[in-house]
Amino acid sequence: MPSPRADLYDRLVEVLGIEAANTMMRSLPDEQPATRSDLAVTRSELRAEIADVKTELRAEIAEVRSELRDFRAEMRQEIRSLHDLFAAQTRTIVVTSFGSALTVATLVFIAAQIV
């Protein structure tokens, strides 16, 4: 039993001639076109892959969120540490400045007593 492809070739030879029939046959795909069931299987496979990618993406996003929370907590701790350090330095500067001012005032007072 001749195949539909062979029947098509024979008819093309009758209508167009051998060269044109050969050219036409070369331009046709060798495989059968996809059927609806082929497309349904492909669609199903794609949906499964998309679901897998979504699951992986959600897991990655959750991991990034967790890392960001940890980073934010670390940054808050760093800021608190810097705040405490600046507060201690400020107290030191204020006390030192007050002591220096008191010393200068005392020296001025003594100098005024001498003169």
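What counts, and at which threshold
- Counting restarts for each chain, with residues numbered from 1 along the sequence as it is written.
- Given that this is a predicted model, residues contribute local features only at a pLDDT of at least 70 and side-chain atom pairs are listed and counted only at 80 or more, while totals for whole chains, interfaces and linings are drawn from all residues.
- For side-chain calculations, the full set of non-hydrogen atoms in the structure is used, while hydrogens and water are omitted.
- For helices the rule is a DSSP run of H or I covering at least 4 residues; for strands it is a run of E covering at least 2, with both sets numbered from the N terminus onward.
- Radius of gyration here uses only the C-alpha atoms, and the compact-globule reference equals 2.2 Å multiplied by the residue count raised to the power 0.38.
- What a helix is expected to span follows from its residue count: subtract one and scale by 1.5 Å.
- Helix axes use the C-alpha atoms of the stretch in contact, all axes being lines fitted to C-alpha atoms, and the angles between their N-to-C directions lie in the range 0 to 180 degrees.
- Orientation is classified from the angle alone, with under 35 degrees giving roughly parallel, over 145 giving roughly antiparallel, 65 to 115 giving roughly perpendicular, and any other angle giving oblique.
- Crossing handedness: left-handed means the near helix sits turned counterclockwise from the far one by under a right angle, and right-handed means the same turn made clockwise.
- By definition in these notes, contact holds between two residues if any of their heavy atoms fall within 4.5 Å.
- Think of it as three bins: nonpolar holds Ala, Val, Leu, Ile, Met, Phe, Trp, Tyr, Cys and Pro, charged holds Asp, Glu, Lys and Arg, and polar takes everything else, Gly as well.
- A residue's pLDDT is simply how confident the predictor is in it, with values from 0 to 100.
- By salt bridge we mean one thing: a side-chain nitrogen of Lys or Arg within 4 Å of a carboxyl oxygen of Asp or Glu.
- The residues that make up patches have over 30% relative accessible area and no salt bridge, and they are joined within 9 Å when like-charged or within 5 Å when they are Val, Leu, Ile, Met, Phe, Trp or Tyr.
- Shrake-Rupley sampling with a 1.4 Å probe provides the accessible areas, and residues are treated as covered by the protein chains on show and by no other component.
- Neither His nor the chain ends contribute to the count of charged residues, in which Lys and Arg are positive and Asp and Glu negative.
- The atom standing in for a charge is NZ when the residue is Lys, CZ when it is Arg, CG when it is Asp and CD when it is Glu.
- Only protein chains enter the accessibility calculation, which uses a 1.4 Å probe. A residue is then buried if its area is under 20% of the maximum for its type, exposed if over 50%, and partly exposed in between.

## Concerning the overall build of the protein
Reasoning step 1: Summing up its helical and strand segments, the protein has 3 helices and 0 strands in all.
Reasoning step 2: The helix and strand sequence of the protein, counted from the amino end, reads α-α-α.
Reasoning step 3: Taken over C-alpha atoms, the radius of gyration comes to 44 Å for the protein, far larger than the 13 Å a tight globule of 115 residues would show.
Reasoning step 4: The principal-axis extent of the C-alpha atoms belonging to the protein is close to 135 × 30 × 10 Å.

## Here's the deal with helix α1 (residues 4–16)
Reasoning step 1: For α1, built from 13 residues, the straight-helix expectation of 18 Å at 1.5 Å per residue is met to within 8% by its first-to-last C-alpha distance of 18 Å.
Reasoning step 2: Count one or two residues on from α1 and you reach G17, which has phi positive near 100 degrees.

## Some thoughts on the packing of α1 against helix α2 (residues 18–27)
Reasoning step 1: Close contact between α1 and α2 brings their axes to 7 Å; oriented N to C, the two are set at 140 degrees. Comparing the axis directions of α1 and α2 gives the class oblique. By crossing handedness, the relation of α1 to α2 is classed as right-handed. Contacts between α1 and α2 involve R5, L8, Y9, L12, V13 and L16 from the former and I18, A20, A21, N22, M24 and M25 from the latter.
Reasoning step 2: Considered class by class, the residues forming the contact of α1 with α2 number 10 nonpolar, 1 polar and 1 charged.

## Observations regarding the confidence of the model for the protein
Reasoning step 1: Counting all residues, the mean pLDDT for the protein is 91, and 98% of those residues have values of 70 or more.
Reasoning step 2: Mean pLDDT values over the elements of the protein span from 89, in α1, up to 94, in helix α3 (residues 36–114).

## Quick notes on the pattern of salt bridges
Reasoning step 1: By the definition in use, this model includes 1 salt bridge.
Reasoning step 2: In this structure, E14 engages R11 in a salt bridge whose closest nitrogen and oxygen atoms are separated by 3.2 Å. One end of the pair is E14 and the other is R11, both in helix α1 and 3 residues apart, which spans about a single turn.

## What to know about a positive patch on the surface
Reasoning step 1: Taken together, R65, R69, R72, R76 and R80 make up a surface patch of like positive charges.
Reasoning step 2: Relative to the helices and strands, R65 is located in helix α3.
Reasoning step 3: Looking at R65, the relative accessible area reads 53%, which means it is exposed.

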